[in-house]
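So you can see what is in the structure, the chains are spelled out below.
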Amino acid sequence: MSFPETRLRRLRQSAPMRALVRETSLEARQLVLPMFVREGLGEPAPIGSMPGVVQHSLDSLRAAAADAADAGVGGLMLFGVPAVRDADGSGADDPRGILNLATEAVVAEVGDALVVQTDLCLDEFTDHGHCGVLASDGSVDNDATLERYAAMALAQARAGSHLLGLSGMMDGQVAHLRAALDAEGFQDVLLLAYAAKYASAFYGPFREAVDSQLQGDRRTYQLDPGNRREGVREAVVDQQEGADIVMVKPAMAFLDVLREVRDAVDIPVWAYQVSGEYAMIEAAAANGWIDRRAAVLESLLSIRRAGADAVLTYWAVEAARWLRAGS
Ligand code: PBG
């Protein structure tokens, strides 16, 4: 046989050789843990569609945040579930609102060890479940929503959040919030723009996690899953508006978008491995149909390979411990 140029298997012959040529790394510091805190809970409450994930009480949240810091994850993304909702989502910018109280508690606990991040969106706080406030015709009012987001941004900054996750998909949200924060002296609070956030079926389990009130869908503000160019355009616009980091979400069904966004902007790009991605692997593993640990690590590696500098994942703490143990 003579094909000297094509003996590609030479690079794969031993574990050390493979390690030396592995192109993509996965490290604890690149993982961000999303966490849910629910007002009025005394004990953590399991989320049926996300085995292993809970709605936290304030106390269990604090303990879990400390555990995540111990595992070496890079950050936490906090979501709040209020006891009472209204049309304007007034719990979102109330300094005593659950998310703002939780942020203060978590920053006090682990704020020096990792990046404490907060979801900036109205959907958990509105009684109609939309990400913004509604106009009289029932549509989501973009510009009125920006005013609510600005109030929410200031409340989160005052609570000590290091980084605001703008997940609402309103036009102009990055520029508007940057200006609002700067005017109040919060120049150092970072903005993560959920730039390419798709109207996805893979958010299903999350809706249970936050007790979503949504009727209908989010297709007038989240992206159509058929659109790659438009996702890239969103990311470019968000960079121009002053985003510090852009996000692609969900991750695994949108790896092509992730790669293109990585090539189109020169700021960090993150991806969100969402609840449905988590639930699918957990369900398959629970049935014995897939090797759980291998599938989790491969899924995270693939998201990194596609171009994500960091990944939001419900497996952040567990994966961080596996990675630190050198698996
Ligand atoms: C909305 C929001 C959603 C998720 C994070 N932020 C749901 C939605 O847009 O309907 C989904 C996260 C997940 O599925 O893990 N603020």
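Everything numeric here is computed off the predicted structure, so don't read it as measured data.

Chemist: Is there a simple way to explain the site of the ligand in this structure?
Modeler: Neighbouring residues of the ligand: 18 residues in total, closest R207, Q222, K249, S275 and Y314. Between D123 and the ligand, the recorded distance is 2.8 Å, taken from a side-chain N or O atom to a nitrogen atom. At a separation of 2.8 Å, an oxygen atom of the ligand approaches a polar side-chain atom of Q222. A breakdown of the residues in the shell around the ligand according to their chemical character gives eight nonpolar, three polar and seven charged.

Chemist: What is the right way to look at the side chain of T145 in this model?
Modeler: Of note, T145 is situated in helix α4 (residues 142-158). The exposure class of T145 is buried, given its relative accessible area of 0%. Residues contacting T145, with those up to four places away along its chain left out, are L122, C131, G132, V133, V140 and M170.

Chemist: Explain a positive patch on the surface here, please?
Modeler: Together, R7, R9, R10 and R12 give the surface a local cluster of positive charge. Looking at the secondary structure, you find R12 in the segment before α1 (15-21).

Chemist: It is not clear to me how the pattern of salt bridges should be interpreted in this structure. Could you clarify?
Modeler: Close approach of charged atoms allows side chains of opposite charge to pair. Taken as a whole and judged by the stated rule, the model has 17 salt bridges. Among the charged side chains, a network of salt bridges with common partners joins D67, D70 and R321.

Chemist: Looking at this model, I keep getting lost on the nonpolar core. Mind explaining?
Modeler: Nonpolar side chains tend toward joint burial in soluble globular proteins. Core analysis: the largest hydrophobic core is formed by 108 residues, its most contacted members being L76 and V246. Per element, the largest residue contribution to this core is seven residues, and it comes from α4.

Chemist: Sorry if this is basic, but what is going on with the packing of aromatic side chains here?
Modeler: Two measures describe an aromatic ring pair: the distance that separates the ring centres and the angle between the ring planes. Tallied over the entire structure, the rule returns nine aromatic pairs. Look at F36 and Y314: their rings are 6.0 Å apart centre to centre, the planes differ by 20 degrees, and that puts the pair in the stacked class. On the criterion of sequence distance, the pair formed by F36 in strand β1 (residues 31-38) and Y314 in the loop between β10 (310-312) and α11 (316-324) is long-range, its members being 278 residues apart. An identical accessibility class is assigned to F36 and Y314; each is buried. Taking the ring centre of Y203 as reference, the NZ or CZ of K197 above it sits at 5.6 Å. Just above the ring of Y203 sits the side chain of K249; from NZ or CZ to the centre is 5.1 Å.

Chemist: Help me understand helix α5 (residues 173-183) in this model?
Modeler: Note: α-helices contain 3.6 residues per turn, so residues at a spacing of three or four share the same orientation. Q173, V174, L177, R178, A180 and L181 are the residues of α5 that are buried. All buried residues of α5 lie within an arc of 165 degrees about the axis, which places them on one face of the element. Buried residues belonging to α5 abut β5 (115-120), α4, β6 (163-166), β7 (190-197) and α7 (229-241).

Chemist: It is not clear to me how the environment of R219 should be interpreted in this structure. Could you clarify?
Modeler: Among the structural elements, R219 can be located in the loop between α6 (204-209) and α7. On the accessibility criterion, R219 (63% relative accessible area) is exposed.

Chemist: Explain unusual backbone geometry to me, please; I cannot follow it from the model alone.
Modeler: Across the chain, the bulk of peptide bonds are trans and the bulk of non-glycine residues have phi less than zero. Residue P250 is reached from K249 by a cis peptide bond, and omega for that bond is -10 degrees. Within the secondary structure, P250 sits in the loop between β8 (245-249) and α8 (255-264). Unusually for a residue other than glycine, M169 sits at a positive phi of about 60 degrees. Mapped onto the elements of the fold, M169 is located in the loop between β6 and α5. M169 sits in the buried class, given a relative accessible area of 6%.

Chemist: Could you clarify how one ought to interpret the pairing of β1 in this entry?
Modeler: For a regular strand, side chains alternate in direction, first toward one face of the sheet and then toward the other. With seven of eight residues buried, β1 lies mostly within the body of the structure. Strand direction decides the pairing type here: β1 and β10, joined by two bridges, are parallel. Looking at β10, one finds that V32 is bridged to L312. Summarising the sheet, β1 and strand β4 (residues 75-81) pair through seven bridges and their orientation is parallel. The residue of β4 that forms the bridge with R38 is V81. Here β1 pairs with strand β3 (residues 54-56) via two bridges, running parallel. Its bridge partner lying in β3, F36 is registered against Q55.

What counts and how
Residues numbered from 1 in each chain as written. Predicted model: local features only at pLDDT ≥ 70, side-chain atom pairs only at ≥ 80, totals over all residues. Heavy atoms only, no water. Near = heavy atom within 4 Å. Polar contact = N/O pair within 3.5 Å; in protein donor to acceptor, adjacent residues only side chain to side chain. Nonpolar A, V, L, I, M, F, W, Y, C, P; charged D, E, K, R; others polar. Helix = DSSP H or I, 4+ residues; strand = E, 2+ residues; numbered from the N terminus. Buried < 20%, exposed > 50% of the residue type's maximum accessible area, 1.4 Å probe, protein only. Contact = heavy atoms within 4.5 Å. Patch = residues over 30% accessible without salt bridge, like charges linked within 9 Å, V, L, I, M, F, W, Y side chains within 5 Å. Areas by Shrake-Rupley, 256 points an atom, 1.4 Å probe, with all protein chains shown as cover. Salt bridge = Lys/Arg side-chain N within 4 Å of Asp/Glu carboxyl O. Lys, Arg positive; Asp, Glu negative; His and termini not counted. Charge placed at Lys NZ, Arg CZ, Asp CG, Glu CD. Core = buried A, V, L, I, M, F, W, Y, C linked by side-chain atoms within 4.5 Å. Phe/Tyr/Trp six-rings, centres within 6.5 Å; stacked < 30°, edge-to-face > 60°. Lys NZ or Arg CZ within 6 Å of the ring centre and 35° of its normal. Arc of directions from axis to C-beta. Pairing = 2+ DSSP bridges.

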